[in-house]
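Listed below, chain by chain, are the residues.
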Amino acid sequence: MQVGMFQTPFVRPERTPRQVFEWALRQAVHADKIGFSEYWVGEHGTLNWEGIPSPELVIAAAALQTSQIKFGPLAHLLPYHHPATLAIQTAWLSQILEGRYMLGVATGAYPTDAAVRGIKDMSGNHAMMLEAIDIMERVWKGEPFEFEGQFWNAGFPQANPNKPLRDVRPWGGTMQMAMTGLSAPSPSIGFAGTHGFLPASVYAGNPFLRSHFETYRDTMTAAGRESDRSAHRVVRDVIVADTDEEARKLATEGGIGLAWKEYIKPTYERFGVLKGLLHDPSVDPANVDADYLAEHVWIVGSVETVRQKMEAWFGELGGPFGTLLVYSHDYIDNPEPWERSMELLVKEVAPKLSDAKQTVAA
């Protein structure tokens, strides 16, 4: 199974922007060195625990320090960018990376990010995203057009033979796109299936994931495309160490434990996601602490323990999927155990798992 990273990032608010940037870059270089297949970077303008407003800067900095790993924003929030500008910028970055670039897109989920752009009613964000995608795909063709939409106007000029225009097409002529889903059932995952985008799901319980698998399968099939789970990305916290005890300590007493206590758990409660993570509906969310999470939500343990837990998880899902994306957390002060966890996961655990590239009915 392929292993990648989602650098959202979950970094303590007191870290400086330079510390956040340097950590994201270090993680990208390390992920490339040890064999991660993908490295996605989140975009958030106002969130104090997710402090990267410009994922393209991290990707650009990492482009010349890596050689194999693919990069992408996960995701550019399309309602908050002029789509023609973003189309030009992302195509250029794909050219710089020469095939190692993918574009994740989303509507934006946080009201504070919307408020900065003067958007008080986010109900129109989905329609804005769809219009933005239409404009971007037109720009990437590099052919003359004029467009007057509900939200934006755009176009591409007629070339003057005496002053040729720069090639604005993505590397290879097409842009591989991905879309995240935050609800179940998810219209975004459905759109991804209809249009052949990569689907990315944040782990919010097995029923949530199965819903995404089914939506993607059904929309892919309806669009006349071959459907399997090898395209599916799933984001989940995983910690591996030499022993179960070391892994549990690294998780509960480290960056993952702190992020979940201070930020992720309250956010999941606010968005109604936390209940889906409980192994028993009778569990009081107030009792969900780091020890509970290490036992029931995160995947934590030695190489063999994590392998067994992953295989059991696949069984509960009705089969494997394509790429596991692990969240990046704040281990800036002591990065070596965290980076060893990454290496054990990709080199020792993943090769021993069931083949996630096989076609699996959702």
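Refer to the preceding data block for the structure.
What comes next is a walk through the structure. Every value quoted in this text rests on a predicted model; they were computed, and no experiment measured them.

Right, let's talk about the side chain of Glu-50 for a bit. Within the secondary structure, Glu-50 sits in the loop between strand 2 (38-41) and helix 2 (55-63). A polar contact of 3.5 Å, which involves the side chain of Glu-50, links it to the side chain of His-44.

As a further point, take the packing of aromatic side chains. Enumeration according to the criterion identifies 16 aromatic pairs in this entry. With a centroid separation of 5.5 Å and an interplanar angle of 75°, the aromatic rings of Tyr-110 and Phe-271 are classed as edge-to-face. Taken together, the residues Tyr-110 in the loop between strand 5 (103-106) and helix 4 (111-116) and Phe-271 in the loop between helix 9 (255-270) and helix 10 (290-296) connect sequence positions 161 residues apart. For Phe-271, a relative accessible area of 40% puts it in the partly exposed group.

This part covers the pairing of strand 13 (residues 323-329). Burial of strand 13 is extensive: seven of the seven residues sit out of reach of the surface. Note that strand 1 (residues 2-10) and strand 13 share six bridges and pair parallel. When the sheet's bridge partners are listed, Gly-4 is paired in strand 13 with Leu-325. When strand 10 (residues 233-235) meets strand 13, the two strands line up parallel, connected through three bridges. Bridging across to strand 13, Arg-233 finds its partner in Thr-323.

Take the packing of helix 1 (residues 17-34) against helix 12 (residues 335-349) next. Helix 12 packs onto helix 1 with a crossing angle of 35° between their chain directions and a minimal axis gap of 10 Å. Pair helix 1 / helix 12 crosses with right-handed handedness. Counted together, Trp-23, Arg-26, Gln-27, His-30, Ala-31 and Ile-34 of helix 1 and Pro-335, Glu-336, Trp-338, Glu-339, Met-342, Glu-343, Val-346 and Lys-347 of helix 12 form the full contact between these two elements.

Attention now moves to the pairing of strand 9 (residues 198-202). Of all five residues that make up strand 9, five are buried, and the element is covered over most of its length. The alternating pattern of strand 9 places Leu-198, Ala-200 and Val-202 and Pro-199 and Ser-201 on opposite faces, both of which are buried. Here strand 8 (residues 177-181) pairs with strand 9 via four bridges, running parallel. By the bridge assignment for strand 9, Met-179 is matched with Pro-199. With respect to chirality, the unit in which strand 8 leads through helix 6 (residues 187-195) into the neighbouring parallel strand 9 is right-handed. Considered for its hand, the β-α-β crossover made up of strand 9, helix 7 (residues 206-222) and strand 10 is right-handed.

What counts, and at which threshold
- Residues numbered from 1 in each chain as written.
- Predicted model: local features only at pLDDT ≥ 70, side-chain atom pairs only at ≥ 80, totals over all residues.
- Heavy atoms only, no water.
- Helix = DSSP H or I, 4+ residues; strand = E, 2+ residues; numbered from the N terminus.
- Polar contact = N/O pair within 3.5 Å; in protein donor to acceptor, adjacent residues only side chain to side chain.
- Phe/Tyr/Trp six-rings, centres within 6.5 Å; stacked < 30°, edge-to-face > 60°.
- Buried < 20%, exposed > 50% of the residue type's maximum accessible area, 1.4 Å probe, protein only.
- Pairing = 2+ DSSP bridges.
- Axes fitted to C-alpha atoms, helices over the stretch in contact; angles between N-to-C directions.
- Left-handed = near helix turned anticlockwise from the far one by under 90°.
- Contact = heavy atoms within 4.5 Å.
- Right-handed = clockwise from strand over helix to strand, strands pointing away.

Honestly, it's all geometry; don't read function into it.
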